[in-house]
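Results of the structural survey
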Amino acid sequence: MATVLERQIKMGDDNQNPMHPKLFKVMKVRKETHDTFSLNLEASDGSGGFHFQPGQFNMLYLFGVGEAPISISGDPGVKKTLTHTIRAVGAVTKGMMKLKKGDSLGVRGPYGTTWPTKEAEGKDVVIIAGGIGLAPLRPVIYHLLSNREKFGKTVLLYGARTPDDLLYVQELEQWRSRFDFEVLVTVDRALGKWQGNIEVVTRLIPKATYDPANSIAMVCGPSIMMRFTVLELMKQGLTQNQIYISEERNMKCGIGHCGHCQIEHIFVCKDGPVFRYDAMVELFKKRDI
Amino acid sequence: MTKSSFQIGELLIVELEHFQQLLDALWNRDFAVYGPTVKDMAIVHDEVKAVYDFPIGWTDEQEAAHYQLKKTGNGALFNYVVGPHTWKKYLFPPKVSLWEAKKEGALFEILPDKSSPPKMAFIGIRACDLSAIMIQDNIFTKGDYKDSIYLRNRKNNFILAVNCTKSGGGCFCISMGTGPKATKGFDLALTEIIDDKRHYFLFEVGSELGGEILSQVTTQAAGETEKQTVEKAINQAKNQMGRALDTRGIKELLYDNSEHPRWDDVASRCLTCGNCTMVCPTCFCSNIEDYTDLTGKLANRQRRWDSCFTLEHSYIHGGSVRSSVKARYRQWLTHKFASWIDQFGTSGCVGCGRCITWCPSGIDVTEEIKEIRRSVKVSTAV
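I will try to describe carefully the structure that is included in this document. As the structure is a computational prediction, the values presented were derived from the model and not from experiment. (Residues numbered from 1 in each chain as written. Chains lettered and ligands numbered in written order. Predicted model: local features only at pLDDT ≥ 70, side-chain atom pairs only at ≥ 80, totals over all residues. Heavy atoms only, no water.)

1. What about the overall build of chain A?
A tally of regular secondary structure across chain A gives seven helices and 15 strands. Against the globule reference of 19 Å for 289 residues, chain A gives a C-alpha radius of gyration of 20 Å, in line with a compact fold. Taking the principal axes of its C-alpha atoms as reference, chain A extends roughly 70 × 45 × 40 Å. Here chain A holds 289 residues, and 57% of them are scored as buried. Within chain A, contacts between residues at least 6 apart in sequence are counted, and of these 69% link residues at least 24 apart. If you sum the accessible surface of chain A, you get close to 12,300 Å²; carbon and sulfur atoms cover 50% of it. Taking the average place of the 37 positive charges on the side chains of chain A and the average place of its 31 negative ones, the gap between the two points comes to 3 Å. (Helix = DSSP H or I, 4+ residues; strand = E, 2+ residues; numbered from the N terminus. Rg over C-alpha atoms; globule rule 2.2 N^0.38 Å. Buried < 20%, exposed > 50% of the residue type's maximum accessible area, 1.4 Å probe, protein only. Contact = heavy atoms within 4.5 Å. Areas by Shrake-Rupley, 256 points an atom, 1.4 Å probe, with all protein chains shown as cover. Lys, Arg positive; Asp, Glu negative; His and termini not counted. Charge placed at Lys NZ, Arg CZ, Asp CG, Glu CD.)

2. Thoughts on the sheet that holds strand β6 (residues 95-104) of chain B
All names here are of chain B. One open sheet holds the four strands; their spatial order is β7-β6-β14-β13, and the pairing between them is antiparallel. Single-partner strands in this sheet number two, and they are β7 (107-110) and β13 (286-292). Put simply, the sheet's adjacent strands are angled 25° from each other on average, direction ignored. Strand direction decides the pairing type here: β6 and β7, joined by four bridges, are antiparallel. When the sheet's bridge partners are listed, Ala101 is paired in β7 with Ile110. (Pairing = 2+ DSSP bridges. Axes fitted to C-alpha atoms, helices over the stretch in contact; angles between N-to-C directions.)

3. Here's the deal with a nonpolar patch on the surface
Taken together, the side chains of A:Ile224, A:Phe228 and A:Leu231 define a hydrophobic patch exposed on the protein surface, amounting to about 330 Å² of accessible area. Note on placement: A:Ile224 falls in helix α5 (residues 223-235). (Patch = residues over 30% accessible without salt bridge, like charges linked within 9 Å, V, L, I, M, F, W, Y side chains within 5 Å. Salt bridge = Lys/Arg side-chain N within 4 Å of Asp/Glu carboxyl O.)

4. Focus: the interface of chain A and chain B
How big an interface is tends to be stated in terms of the accessible area lost upon association of its parts. Of the residues lining the interface, 54 residues belong to chain A; the matching set on chain B comes to 67 residues. Of the roughly 5,100 Å² buried at the junction of chain A and chain B (both faces included), carbon and sulfur atoms supply 58%. Our count for the contact surface shared by chain A and chain B stands at one salt bridge. Across the pair A:Glu67 and B:Arg301 runs a salt bridge, and its minimum N-O distance is 3.0 Å. Remark: the boundary between chain A and chain B carries 21 residue pairs in polar contact (both at pLDDT 80 or more). Secondary structure elements with two or more residues in the side of chain A that touches chain B: α1 (4-9), β1 (22-31), β4 (66-71), β6 (104-111) and β14 (266-267) of chain A. Counted by class, the side of chain A that touches chain B contains 22 nonpolar, 19 polar and 13 charged residues. (Buried area = accessible area lost by both parts, 1.4 Å probe. Polar contact = N/O pair within 3.5 Å; in protein donor to acceptor, adjacent residues only side chain to side chain. Nonpolar A, V, L, I, M, F, W, Y, C, P; charged D, E, K, R; others polar.)

Laid out in structure tokens, this is it:
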């Protein structure tokens, strides 16, 4: 017997609990820096294949310890392996740093909005990353490089605190050696043998070659870095709707229910994490919201 | 008069002496029946076993930071407004297990949940609280992802709404368009009337199930006099409304005034205790806590109510986004009255007044918003 309310809310399928993770197996652990590592994962039921779009994230669960939202850092073209790059900062991520090959991990996702890879076709693409912010942008780089003919000039501007904090050093060198991809790297401070740039990443923006009138910029890094990067890009002539940023907030569910990730009317988990800047410009003006 | 069922919209009279039959009809259908009862000198929601469990002869007196039960001696079952409990404790429980998992070697598996969905009857939901349930339905069941726990608990509900014939000091349901009369979302709604000679209830049938349940109770057709008496009684609640809120352009008002000095003022009074979020019938924030047993082989994830007044709520590596009291109070009020509209198409406030009554420093949301509006009017007039 249906009550009037039951009819009104049209009950969904009980069996699909969105809070249940899927089990994945650690295939490979790779140390990136002193506090950052990458995990290659495969579905342990052998179902194989994890589909995602660049910019999306998963909720990763470490048995008995908890969950954390982590963006996907692997190649969207390689379906078999799911890759995450994780910085050990809290109980969950520090625990994950101890994972070894063969260990298991819970995965819920993929969640969230994506980098504008379609919109960027036929245009110059400027990717600007600060610190661990390169991780959610790496899937875009893979996508650009395997569909190189679809895009104009491609640029990566990457800044880290010190040379030891640079992620994916080998890949950076590979990318830099290509003639069709401009890669500029900088650090805030350096000792010893570093011969590269020492300046903030925003200073690289005027040095790069791209057409501000016909380009798309994708930016991810600490909040202060994104603020100044956006200002510099606009100084170069980009408009608000050519700039995309990825936001970060506390998240407990990833599906718009827990309330933690709100920025005024936005739920970063489902309305983001990737936003076109014009949607954020008013919110950027407000403090502590 | 007995009939196999009543039609939706039919109005029937039940005398007090037959009210117990309604509870019996629900038990016969295997419902666990939850209703108002007096506990620790407050009217709360709990399982009721008989009419005698109801707050017979009690009423409540409410003002900012003030709640007091009083004896009236008139024998009414529903002569109070809303207490510290909301119905969300049954649908979106304060603490609930999301799932359990067992570890075997390097692998783990989630254990199947074998419990069956509860059948719950809620007696005495006020119009404001009924709106609050529909607001939470919106959050947990209308998006791309449905909350399994909420769906389970919400699935087999019987709802008996009670129309208000008195208002409390914190009430402003008229301003929020939610009460004092329940208009939808119920199986049955009643209005309680006590006059010189009689103590009776006028029932309105809201669903097929409501009609069937009511057919198990001794009823009589409602006369014109009784209908008029009920209308008058509900009007009385309208006229007594303790507070009012001007909601015109409220979203823009709050969005545009995020740096208004009133936020600093209220921050100096707010204790960030989170009481307002705990008594609010629509607040839905939750946190998840992880546990293991002593062997470390069995893990449990528990969801519990959270509050945006805590520092942890917005914590990301490096610190809290909303580290000041001002930022946290502004988040709560702006979410409730402004961003909620963008997110879910309705206000997050139903005007129940609980946050006013249960705030230990007596912060009154209607007053805070009025102050912001007043100064904006003044400044544009200049």
